[in-house]
Amino acid sequence: MANLVLLGVVPLAAASGFCMFVFGSGLVWPIAVLHGALGLTVFVLVPWKSIVVRRGLRRARRPGRTTSVLLTASTLVALVTGVAHRFGVLLADSPVTTLQLHVGAGVVAAVLTLWHAHHRRVRARRTDLSRRTLLRLGVVASAAGVLEGSAQAASALTTPSGVRRPTGSFKLASSSVAAIPTTSWLFDQVPELDPAAWRLTVRTGDASHDWSLEDLARWNDRQMAVLDCTGGWWTQQEWAGVRVRRLLPDGATGTVEVTSATGYHRRLPLTDHLLLATRVGGTTLSVGHGAPARLVVPGRRGYHWVKWVVRIDHDSQPWWIQPPLPLQ
Ligand code: HEM
Ligand SMILES: Nc1nc2c(c(=O)[nH]1)N[C@H]1C(S)=C(S)[C@@H](COP(=O)(O)O)O[C@H]1N2
Ligand SMILES: [Mo]
């Protein structure tokens, strides 16, 4: 039974973790609680599973053993790093943060679980559907629920309020602009752009208009907003530049696809809060942070905040016709 439950729980844990990235604010906390409980279900099952594993190891060497070892390792890494992060072990200055390690291990564990299940043909037995099993399932779920509740309470007590966001991210130690890490979603690199030659192409319907940095300088729209990176940190800053709305016809609705000089792009609903920032905290944006202009999307995770913007396409396509997370 431990096998069957793990088969469901590990992919569900990964899926709920993924949802925490997609629903970056608002109702993200119930997902976080669910994710924590699913993750801790794995912890509850460790004693059972280790019996199954020991039995398996005693038998002759079977193909797929490497996968099993990798699966166990990645699951344990995801478990340990998840809890470590909750209690503030961030590895913020190392090349990979605790949360990046966590997500990497979680994704690997989910993929290997599905693979393992497919090859070992884990099937439900009749006895798996008995009342006794249901009772056990209840016990496991309650234990995970209690653990999650305790983890929530313990971290609330040990972390000063206002440091953690419901997404799990921790506030940067310094709120100065200089302290903001320069990050990429996956593989993107800082491009070389000449601010004088830089143009922003805004397309709406059949019309297209190019804006220079000088053109945009006539506006000074400001917006306080939290940049919350999925790497596990956040910072609140005052961003300044021009509201995207101003570059579009009056009363425009629909969505905008915002594209970087690197090709990185996100499509978002057009709102009053979308800001094309050229400054942050009273200073000009640095190249690493997206100069000449970067998008600011209050309430959404960092991966929507496209840096080095060169194009905005406005139309009525739905915002969700894109991969839920960038691929670049
Ligand atoms: C095998 C898969 C996974 C397991 C077992 C797992 C387990 C956990 C656990 C035990 C926690 C701590 C919860 C608590 O103490 O209340 C946690 C937190 C977290 N996990 Fe996962 N997780 C998995 C995959 C993922 C994935 C794929 C993502 C993202 C795509 C993710 C994102 C997060 C985030 C953002 C937190 C919040 C950290 C915090 O609360 O400080 N997890 N996870
Ligand atoms: N063009 C481009 N824009 C991007 C990214 C990227 O990889 N390429 N990464 C995003 C992510 S994941 C985050 S958290 C923020 C980080 O912004 P910062 O480097 O100013 O801290 O930029 C976003 N904008
Ligand atoms: Mo990020």
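Analysis parameters
Residues numbered from 1 in each chain as written. Chains lettered and ligands numbered in written order. Predicted model: local features only at pLDDT ≥ 70, side-chain atom pairs only at ≥ 80, totals over all residues. Heavy atoms only, no water. Donors = N, O, S within 2.8 Å, 3.2 Å for Na, K, Ca; no water. Tetrahedral: all angles 85-135°; square planar, octahedral: opposite > 155°, others 65-115°. Helix = DSSP H or I, 4+ residues; strand = E, 2+ residues; numbered from the N terminus. Buried < 20%, exposed > 50% of the residue type's maximum accessible area, 1.4 Å probe, protein only. Phe/Tyr/Trp six-rings, centres within 6.5 Å; stacked < 30°, edge-to-face > 60°. Core = buried A, V, L, I, M, F, W, Y, C linked by side-chain atoms within 4.5 Å. Patch = residues over 30% accessible without salt bridge, like charges linked within 9 Å, V, L, I, M, F, W, Y side chains within 5 Å. Areas by Shrake-Rupley, 256 points an atom, 1.4 Å probe, with all protein chains shown as cover. Salt bridge = Lys/Arg side-chain N within 4 Å of Asp/Glu carboxyl O. Near = heavy atom within 4 Å. Polar contact = N/O pair within 3.5 Å; in protein donor to acceptor, adjacent residues only side chain to side chain. Nonpolar A, V, L, I, M, F, W, Y, C, P; charged D, E, K, R; others polar. Domains from an automatic or database assignment. Contact = heavy atoms within 4.5 Å. Buried area = accessible area lost by both parts, 1.4 Å probe.

- An unreviewed UniProt entry lists the protein chain under the name Oxidoreductase molybdopterin-binding domain-containing protein, from Kribbella alba.

Observations concerning the coordination of the iron atom of ligand 1
Inference 1: Around the iron atom of ligand 1, the protein supplies His35 (NE2) and His102 (NE2) as donor atoms, at distances of 1.9 Å.
Inference 2: Coordination geometry of the iron atom of ligand 1: the six donor atoms subtend angles of 84 to 179° at the metal centre, consistent with an arrangement described as octahedral. In this pair, histidine 35 sits in helix 2 (residues 28-58) while histidine 102 sits in helix 4 (residues 98-120), placing the two residues 67 residues apart along the sequence.
Inference 3: A relative accessible area of 15% places histidine 102 in the buried class.

Details of the packing of aromatic side chains
Aromatic rings considered in pairs are described by the distance between their centres and by the relative angle of their planes.
Inference 1: Following the criterion strictly, the structure yields three aromatic pairs and no others.
Inference 2: With a centroid separation of 5.1 Å and 55° between ring planes, the pair formed by tryptophan 185 and tyrosine 303 is classed as tilted. Placement of tryptophan 185 in the loop between strand 1 (170-171) and strand 2 (199-204) and of tyrosine 303 in the loop between strand 10 (294-296) and strand 11 (309-315) is noted, with a sequence separation of 118 residues between them.
Inference 3: In this structure tryptophan 185 comes out as partly exposed when scored by relative accessible area, which is 22%.
Inference 4: Relative accessible area serves as the criterion here: at 4%, tyrosine 303 is assigned to the buried category.
Inference 5: Ring centres of tryptophan 239 and tryptophan 305 lie 5.3 Å apart, and the angle between their planes is 70°; on these two criteria the pair is classed as edge-to-face. Pair noted here: tryptophan 239 is in strand 5 (residues 233-243) and tryptophan 305 is in the loop between strand 10 and strand 11, with a separation of 66 residues, a long-range link.

Topic: the nonpolar core
Inference 1: In this structure, Leu200, Leu216, Trp239 and Val244 are the most contacted members of the largest nonpolar core, which totals 41 residues.
Inference 2: Elements that contribute at least two residues to this core include exactly strand 2, strand 4 (221-229), strand 5, strand 6 (255-260), strand 8 (275-280), strand 10 and strand 11.
Inference 3: With four residues, the top contributor of residues to this core is strand 8.
Inference 4: Formed by 14 residues, the second largest nonpolar core is a distinct cluster that contains Val5, Val9, Ala13 and Val140.

Some remarks on a nonpolar patch on the surface
Inference 1: Taken together, the side chains of Val77, Val89, Leu91, Val96 and Leu101 make up a nonpolar region of the molecular surface, amounting to roughly 370 Å² of accessible area.
Inference 2: Tracing the backbone shows valine 89 in the loop between helix 3 (65-86) and helix 4.

Considerations on the site of ligand 2
Inference 1: For ligand 2, the set of nearby residues contains 22 residues, the closest of which are Pro181, Trp185, Asp188, His289 and Lys307.
Inference 2: Proline 181 is positioned with one of its backbone polar atoms (N or O) 2.6 Å from an oxygen atom of ligand 2.
Inference 3: Notes on ligand 2: free accessible area 540 Å², of which the protein chains cover 100%.
Inference 4: A class-by-class count of the residues in the shell around ligand 2 yields 11 nonpolar, eight polar and three charged.

What about the domain arrangement of the protein chain?
Inference 1: What the domain assignment lists for the protein chain is domain 1 (2-163) and domain 2 (177-321).
Inference 2: Domain 1 and domain 2 are separated by 36 Å when their C-alpha centres are compared.
Inference 3: Taken together, the 11 residues of domain 1 in the interface contact eight residues of domain 2.
Inference 4: In total, domain 1 and domain 2 occlude about 720 Å² of area from one another, counting both sides; carbon and sulfur atoms represent 47% of this.
Inference 5: It is Phe21, Gly24 and Leu99 that lose the most area in domain 1 upon contact with domain 2, and together they represent 49% of the buried surface on that side.
Inference 6: The tally of links from domain 1 across to domain 2 stands at zero salt bridges.
Inference 7: Our enumeration of links across domain 1 and domain 2 arrives at five residue pairs in polar contact (both at pLDDT 80 or more).
Inference 8: Where the side of domain 1 that touches domain 2 is concerned, the elements lending two or more residues are helix 1 (2-22) and helix 4.

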